[in-house]
Every structure is written in C-alpha cells, then in structure tokens.
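Listed below are the residues making up each chain.
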Amino acid sequence: MEDKLTFALSNREMDVHFFQNAAAGAEKQPAVIFLPDLTGVGETQLETARLLALEGFHVFVPDLFSHGGAAQYCLRMFFNKAFLTNEADNPGIAEIHELIDRLKGLSYVDATRLGVIGQCLTGGFALHTALRDDVKAPVVFHHSLGVTGSGMPEDHARAICKSVQGHYVQIDPMCPRARVEQLKEQLGGHFEMNYYDWLPHGIPHFFRRTDEGRRAYINMVRFLKMQLN
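Residues numbered from 1 in each chain as written. Predicted model: local features only at pLDDT ≥ 70, side-chain atom pairs only at ≥ 80, totals over all residues. Heavy atoms only, no water.

Draft legend 1. Just the packing of helix α2 (residues 69-77) against helix α4 (residues 91-104), in detail. Two numbers describe how α2 lies on α4: the axes approach to 9 Å, and their chain directions differ by 115 degrees. Only P91, G92 and E95 of α4 make contact with α2, whose side of the interface consists of Y73, R76 and M77. Looking at side-chain class alone, the contact of α2 with α4 contains three nonpolar, one polar and two charged residues. (Axes fitted to C-alpha atoms, helices over the stretch in contact; angles between N-to-C directions. Helix = DSSP H or I, 4+ residues; strand = E, 2+ residues; numbered from the N terminus. Contact = heavy atoms within 4.5 Å. Nonpolar A, V, L, I, M, F, W, Y, C, P; charged D, E, K, R; others polar.)

Right, dumping it as structure tokens:
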C-alpha cells in the first residue's frame, strides 16, 4: 500500500511518501527512512521504496523540499555553517531527528528497529542518526556534507558504536577517497565500506540500471535485514 503523510514539525510541514510492508500483519514492523539527495524525491527513489516494502519493511521517503521547494530549502541550509560542516546541531539533521520521533509514534512502526538511508546531501544526516539507540541500520551513500575532514565531526564519529554501512564510487570529487578513509579510521571496526566500479556519484539512481547498481542494492538490503530482522 502506498500513501502520502504530512507531519507538522517545529518550523514547517513535511510531506512523506509511505510504502507499507506488503506482508504486515497486526504486529509492529521495522521501518526504513529513505532520505533523498539534492535532486529531491523522484520516481527512481519511489520505485526503490516499493521494492524495500516487499523486502519486509515499512518505508518512508521524506520530501525535504515540501511546502517551499528546493530553492528555499537550499537557501535556508547552505548559508548555515553548522549545516555545511555537518555539526550535530545543524538545522537539517534537527528536522530529521524530529521526523524520526514522529514516525516512531505510528502504531504500526516498531520504534526499536529503524533504518536510515542517506545519500549525498543527506549522507551526513544518516551518519548522525547512527548515534541514536533506535536506529539500528544506518546506511550512507557518498556523504557530500560536511565539507571538511571525514564529513563527520571527530567527537561524534568516535561516539558511534554500531555497524554503519557505506557505499562509494572510485572517482568522486564530491566524496573523495581520502574522506572515506578518514571516516573509516574514525569508525574503526563499525564501518562496512563498499566500493563500486563504473558508477558515478548517485549510486541509488542506478540500483536497477547497471550490474554494479544492482550489487549496491543487494548489499544494502542484506545489511538492513541483518540489522532489523
């Protein structure tokens, strides 16, 4: 079942595409929050969400550009230093934390078994959610923000003590290998790092278009099932 929900957050409303676990019964089910990149929510991402629902998860795809559009979101965020450096108090991650808390309150969601997928713009958000006890499966595709170091502030990265799955491409000016290696050093044995040949930045857009894209999808589903089931 597909639906669109609207949540009143502290500073605005946010629309969220909802895909119900097709096999869901009366019991609460694990949920995955699938965050978009800077291109916004497109049909490719929605199709992936439908497939993830068939894998056994409730899937929520937030439209970060709700009620204002991409330009307004970017103007509000990209002139904020904490957002650019991916500090914990940045307004982008604050919205995601608030949204997660709202989703946890839904009667059909198992609030103890949550996954968060972030990509590019929202990859750093997914890293921050790894600090939450309720997020058991944080997945990041080539985090572009923050713009310094590993993309994750040192003190916050060192505090992560659960498995984080990362997906990257060999040549990526927006998320170079040196950044990923630094994140790996910060997270130690908690980081599962996956690299893909012959893919550009934007791996989730290629889940069903190339062999390497399909491999990335399979790796992601494996991790989600291992951590949430």
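After that view, the rundown keeps rolling.
Draft legend 2. Representation of the pattern of salt bridges within the structure. Going through the model one piece at a time under the given rule, you end up with 16 salt bridges. Ionic pairing is found between E43 and R50, a salt bridge with its closest N-O pair at 2.7 Å. In this structure, R50 engages E47 in a salt bridge whose closest nitrogen and oxygen atoms are separated by 3.1 Å. Residue R50 and its partner E47 are located together in helix α1 (residues 43-54), separated by three residues, close to a single helical turn. Relative accessible area serves as the criterion here: at 23%, R50 is assigned to the partly exposed category. When its relative accessible area of 29% is taken as the criterion, E47 is described as partly exposed. One continuous salt-bridge network, built from bridges that share partners, spans E2, E43, E47 and R50. (Salt bridge = Lys/Arg side-chain N within 4 Å of Asp/Glu carboxyl O. Buried < 20%, exposed > 50% of the residue type's maximum accessible area, 1.4 Å probe, protein only.)

Draft legend 3. Quick look at the packing of aromatic side chains. Counted according to the given criterion, the structure contains nine aromatic pairs. When the ring of F18 is compared with that of F60, the centres are 4.9 Å apart and the planes differ by 20 degrees; the resulting orientation is stacked. A residue pair is termed long-range when its members are at least 10 positions apart, and F18 in strand β2 (residues 13-19) and F60 in strand β4 (residues 58-63) qualify at 42 residues. The two residues F18 and F60 agree in class, both being buried. Centroid distance Y168 to Y195: 5.9 Å. Interplanar angle 40 degrees. Geometry classified as tilted. Of this pair, Y168 sits in strand β7 (residues 164-169) while Y195 is found in strand β8 (residues 191-196), placing the two residues 27 residues apart along the sequence. The buried category is assigned to Y195, whose relative accessible area is 14%. (Phe/Tyr/Trp six-rings, centres within 6.5 Å; stacked < 30°, edge-to-face > 60°.)

Draft legend 4. Just the environment of V140, in detail. Tracing the chain through its elements places V140 in strand β6 (residues 135-143). Taking the C-alpha atoms as reference points, V140 and Y168, 28 residues apart in sequence, are found 8.8 Å from one another. Those residues within four positions of V140 in sequence are excluded, and the remaining contacts are G118, G123, L127, V164, Q165, G166, H167 and Y168.

Draft legend 5. Just the sheet that holds β8, in detail. Within the open sheet, the eight strands sit side by side as β1-β2-β4-β3-β5-β6-β7-β8. Their pairing is mixed. The open sheet has two edge strands, β1 (2-8) and β8, and neither has a second partner. Sheet twist, expressed as the average angle between the axes of neighbouring strands with direction ignored, equals 20 degrees. Note: strand β5 (residues 109-120) against β6, seven bridges, orientation parallel. If you follow G115 over to β6, its bridge partner there is A137. (Pairing = 2+ DSSP bridges.)

Draft legend 6. Fine view of the environment of V169. By the element assignment, V169 lies in strand β7. The exposure class assigned to V169 is buried, which follows from its relative accessible area of 3%. A C-alpha to C-alpha distance of 20 Å links V169 and G188, two positions 19 residues apart in sequence. Every residue in contact with V169, bar those within four places of it in the chain, is listed here: Y195, Y196, L199, P200, H201 and I203.

Draft legend 7. Representation of the nonpolar core within the structure. Core analysis: the biggest nonpolar cluster contains 29 residues, and F7, F60 and Y73 have the highest contact counts within it. Only β1, β2, β3 (29-34), α2, α4, β5 and α5 (123-129) provide two or more residues apiece to this core. A total of five residues in this core trace back to one element, the largest contributor, which is α4. Sequence-distant contacts of F60, that is, excluding residues within four places in its chain, are made with L5, V16, H17, F18, A31, V32, I33, F34, L103, L106, Y108 and V109. Counting residues in hydrophobic clusters, the runner-up holds 27 residues, among them V32, F57, V61 and V169. (Core = buried A, V, L, I, M, F, W, Y, C linked by side-chain atoms within 4.5 Å.)

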